[in-house]
Amino acid sequence: MAVVKCKMCGASLEYEEGLGYARCEYCGTVNMINEVFESEAEQTVEIDKTEIEYQHCKERIRHAKTNADFRNVAFALEDIAWYKDSLALSHQCRQKAKELLKQERRKKHIKRAIIISIIALIILIPIVINCASKNNHDKTKISINATSMRSEYREYDPPYINGRWYVYITFKVENKSGVDVDYLSVTTYISDKNGISLGTIRSEFGNNSSLNLKAGKYQIHENYICTNHLESEPLLYALYNGKFSDFIFDYKIESIEFSDGQYYFGE
C-alpha cells in the first residue's frame with residue numbers, strides 16, 4: 001500500500017498499487033492517483049522557486065546600502081509575502097528605505113548649506129578685507145599731542161654770531177590703527193588761552209628715516225623751531241617767553257605714509 005495526500009483536505013490516502021484512484025475516508029473525495037502525484041510535484045517545484053527567491057532577497061538585504069536598494073527588495077518580498085517571514089522583512093526594508101531617504105535629504109541640505117556658505121564667503125571676504133583695510137588706514141586713529149615745551153638761548157650758534165633762540169616742543173605720537181606708520185606730517189595750530197590764534201608750526205616725523213611707528217604703539221618726539229631775530233617772530237616770541245600751560249594746541253594731519261605703501265594726503 002502506498003500513501004499519498006488528498007488533494008481536497010490533505011488527509012493521507014491509502015490505495016493499492018495498480019488502482020488509478022483512492023477515496024478519502026475523511027471528506028469522501030475521489031482522488032485520481034496520477035493527479036495527486038502531479039499536484040504534489042507542482043507544489044514542490046513552486047516551493048523550491050519561492051525558496052530561491054526568498055534567499056536571493058535576503059542576500060540583497062545584506063548588501064543593500066541605499067534607500068533604492070531596500071525599496072526594491074521590499075517590492076520583491078511583497079510578491080512572496082505568504083512565504084515564511086517575507087512580509088515582515090518587506091516592512092523592515094521599507095522602514096530602512098525611509099530612514100536612508102531622510103539621511104540622504106539631510107546630507108543634501110547640509111551640502112547645499114555648505115555651498116551657499118562658501119559662495120557667501122567668496123563674496124564677503126573681499127568686502128571684509130576692504131573694510132578692514134579702510135579701518136586700518138583710518139587717519140583718525142593716528143593721534144598727535146604736545147606734552148611739554150622748553151626754551152633755550154644759544155649765545156654762540158654758528159653761523160649766527162648774535163646767538164639763536166630755540167623752542168622745543170615734545171609730542172606724543174600714537175598709532176591706534178592696524179598698520180605701521182613710516183612717515184607723518186602735521187600742522188600744529190597754536191592759540192592763547194583766550195582762543196586767539198598765534199600761528200602754526202609744521203612738524204615731520206620720519207622725514208630723514210623711517211618713523212617705524214608700530215600699530216598699537218606710541219613714540220615720543222621732540223621738534224623745535226628757532227630764530228636769530230626773536231622780536232620779528234611773534235609766535236616764537238610768545239612761546240619762548242610763555243609757559244606750556246599758557247597755550248592751546250590743535251593738530252591737523254597733512255599726510256601719512258603707512259608701511260604697506262598706502263598714503264593719505266589731507267585736503
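Caption draft 1: Geometry of the overall build of the chain. From N to C terminus, the chain includes four helices and eleven strands. Each of the 267 residues in the chain was classed as buried or not, and the buried ones make up 29%. By sequence separation, contacts in the chain at least 24 residues apart represent 56% of the contacts at least 6 residues apart. Working note: accessible area of the chain is about 17,700 Å², and carbon and sulfur atoms make up 52% of it.

Caption draft 2: The sheet that holds strand β7 (residues 181–192), seen in detail. The strand order across the open sheet formed by four strands is β8-β7-β10-β11, and the pairing between neighbours is antiparallel. The sheet is open, and its two edges are formed by β8 (197–205) and β11 (263–265), each paired on a single side. The mean angle between the axes of side-by-side strands here comes to 25°, regardless of whether they run parallel or antiparallel. Relative to β8, β7 runs antiparallel, the two sharing eight bridges. Paired with Val186 across the two strands is Ser203, which belongs to β8. Against the sheet, helix α4 (residues 234–241) makes contact with β7, β8 and β10 (247–258), and its axis sits at roughly 90° relative to β8, the strand it touches most.

Caption draft 3: Up close: the environment of Met8. Assignment of secondary structure puts Met8 in the loop between β1 (2–5) and β2 (12–15). Judged by its relative accessible area of 59%, Met8 is exposed. Here the alpha-carbon distance between Met8 and Asn31, two residues 23 residues apart in the chain, equals 8.5 Å. When residues no more than four places from it in sequence are discounted, the contact partners of Met8 are Cys27, Thr29 and Asn31.

Caption draft 4: Local environment of α4. Within α4 the residues assigned to the buried category are Leu235, Leu236 and Leu239. Projected down its long axis, α4 carries its buried residues within an arc of 90°, all on one side. Those residues of α4 hidden inside the fold are in contact with β5 (142–154), β6 (164–175), β7, β8, β9 (218–227) and β10.

Caption draft 5: The arrangement of the pattern of salt bridges in detail. The tally for this structure, following the rule as stated, stands at seven salt bridges. Linking Arg150 and Glu152 is a salt bridge whose minimum nitrogen-to-oxygen distance equals 3.5 Å. Glu152 gets classed as partly exposed once you look at its relative accessible area, which sits at 26%. Between Lys214 and Asp180 there is a salt bridge; the shortest N-O distance is 3.5 Å. Of this pair, Lys214 sits in the loop between β8 and β9 while Asp180 sits in the loop between β6 and β7, and the two are 34 residues apart along the sequence. Residues joined by salt bridges that share partners form a network here, namely Arg150, Glu152, Arg154 and Glu222.

Caption draft 6: Main features of unusual backbone geometry. Positive phi, normally seen in glycine, also occurs at Lys84, with a value near 50°. The phi torsion at Asn212 lies on the positive side, around 55°, for a residue other than glycine.

Caption draft 7: The packing of aromatic side chains, seen in detail. Following the criterion strictly, the structure yields nine aromatic pairs and no others. The interplanar angle of 50° and the centroid separation of 5.5 Å between the aromatic rings of Tyr168 and Tyr224 together place this pair among those described as tilted. Placement of Tyr168 in strand β6 and of Tyr224 in strand β9 is noted, with a sequence separation of 56 residues between them. Grouping aromatic residues by their ring pairs yields a cluster made of Tyr54, Trp82 and Tyr83. Above the ring of Tyr166, the side-chain terminus of Arg154 is found at 4.1 Å from the ring centroid.

Cut-offs applied
Residues numbered from 1 in each chain as written. Predicted model: local features only at pLDDT ≥ 70, side-chain atom pairs only at ≥ 80, totals over all residues. Heavy atoms only, no water. Helix = DSSP H or I, 4+ residues; strand = E, 2+ residues; numbered from the N terminus. Buried < 20%, exposed > 50% of the residue type's maximum accessible area, 1.4 Å probe, protein only. Contact = heavy atoms within 4.5 Å. Areas by Shrake-Rupley, 256 points an atom, 1.4 Å probe, with all protein chains shown as cover. Pairing = 2+ DSSP bridges. Axes fitted to C-alpha atoms, helices over the stretch in contact; angles between N-to-C directions. Arc of directions from axis to C-beta. Salt bridge = Lys/Arg side-chain N within 4 Å of Asp/Glu carboxyl O. Phe/Tyr/Trp six-rings, centres within 6.5 Å; stacked < 30°, edge-to-face > 60°. Lys NZ or Arg CZ within 6 Å of the ring centre and 35° of its normal.

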